[in-house]
Amino acid sequence: MPESEQNRLDLELIREAAMGAGRIAMSFFQQSPQTWLKSGNSPVTEADLAVDRYLKDMLLAARPDYGWISEETVDERSSSPWQRLFVVDPIDGTRDFIGGGNVWCISIAVIENGRPVAGVLDCPAREEVMTALPGEGACLNGGIIRSRPQTRPFRVAAPGQYLKKLPREFQDAIEHAPHIASLAYRLAMVARGDLAGTFVRPNSHDWDLAAADLILSEAGGRVLTAAGEALTYGRHDAERGDYRHGALVASGASFMDDMLKVAAATTFG
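Residues numbered from 1 in each chain as written. Predicted model: local features only at pLDDT ≥ 70, side-chain atom pairs only at ≥ 80, totals over all residues. Heavy atoms only, no water.

Q: An account of unusual backbone geometry is needed here, citing residue identities and associated values.
A: Omega for the bond connecting Arg-152 with Pro-153 falls within 30 degrees of zero, at 0°, which places this linkage in the cis form. One can find Pro-153 in the loop between strand 9 (143-145) and strand 10 (154-157). A positive phi angle, close to 60°, is found at Gln-30, a residue other than glycine. By the secondary structure assignment, Gln-30 is in the loop between helix 1 (3-28) and strand 1 (35-37). Here the phi dihedral of Glu-127 falls at roughly 55°; this positive angle occurs in a residue that is not glycine. With respect to the helices and strands, Glu-127 occurs in the loop between strand 6 (115-123) and strand 7 (128-132). (Helix = DSSP H or I, 4+ residues; strand = E, 2+ residues; numbered from the N terminus.)

Dropping the structure here:
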């Protein structure tokens, strides 16, 4: 089967899975779900776990020869050189989910050779579904989305402590966007042109990024390392561990050079 056709079939599968997962998440939404704290003071709810179980069962039943990378569960099967892998965040933006906000999403990607080949972000509380395939563009609810050139002041999202480290001339040129709990959704906002760009603190994970990376790339933007390199997924980092990445920048094409210059002149940690 041609790779492009396999990508389309995988996109149909993960889009269907994400919609089912969204219905499960909404059954817990604003219902005071049971909540725990994981290592690093990161919250997880019974909704995260229920969605993760559903996705793992459905997706691996449909593609038993695919690998599995998820925020909430490991792949218990014997180690194998999987050619394709699912990369899943059952609820990206769990703090917002717990607080009753609507900026959270189910993030699912399929990766091959370290790069996403199908991606879905399903944001059920906002009734938004974003999808992408390599070379075929990115869509929001079926309509094409594109990042677009920005005018000054440039609307940029960044952790508060980052803003204090940015060069003064850059601070004067930007409008600081409000905090967005879901990193995946923040990257999608760049893809849609709602943000000129965003800085991402170190230690984001594959599951935060893979689907949104493809959506942003297909919308005409990029998410890159602070050194300007594309991300590689599905590789356990020996230094950072746990599929983690260092400091990142994301923007539309017209703003990327500025973002990378700022990143090169700033120590992010």
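Q: Summarise the sheet that holds strand 9; cite the residues concerned and give the values.
A: One open sheet accounts for 7 strands, arranged 3-4-5-6-7-8-9; its pairing is mixed. With one partner strand each, in any of the chains shown, strand 3 (67-70) and strand 9 form the two edges of the open sheet. Between one strand axis and the next, the sheet turns through 20° on average, direction left out of account. Here strand 4 (residues 84-92) pairs with strand 5 (residues 105-112) via 7 bridges, running antiparallel. Residue pairing across strands places Arg-84 opposite Glu-112, the latter belonging to strand 5. Helix-sheet contacts for helix 1 involve strand 4, strand 5, strand 6 and strand 7, and the interaxial angle to strand 6 is about 25°. (Pairing = 2+ DSSP bridges. Axes fitted to C-alpha atoms, helices over the stretch in contact; angles between N-to-C directions. Contact = heavy atoms within 4.5 Å.)

Q: I'd love a proper account of helix 2 (residues 46-62), names of residues and values included.
A: Since there are 3.6 residues in each turn of an α-helix, residues three or four apart along the chain are aligned in direction. Taking 1.5 Å of rise per residue, the 17 residues of helix 2 would be expected to cover 24 Å, and the 24 Å separating its terminal C-alpha atoms lies within 8% of that figure. All of the buried residues in helix 2 are Ala-47, Asp-48, Ala-50, Val-51, Asp-52, Leu-55, Lys-56, Met-58, Leu-59 and Leu-60. Where helix 2 is buried, its residues touch helix 1, strand 2 (43-45), strand 3, strand 4, helix 3 (94-98) and strand 5. Residue Thr-45 occupies the N-cap position of helix 2, its side-chain oxygen lying 3.1 Å from the main-chain nitrogen of Ala-47. (Expected span 1.5 Å × (residues − 1). Buried < 20%, exposed > 50% of the residue type's maximum accessible area, 1.4 Å probe, protein only. Polar contact = N/O pair within 3.5 Å; in protein donor to acceptor, adjacent residues only side chain to side chain.)

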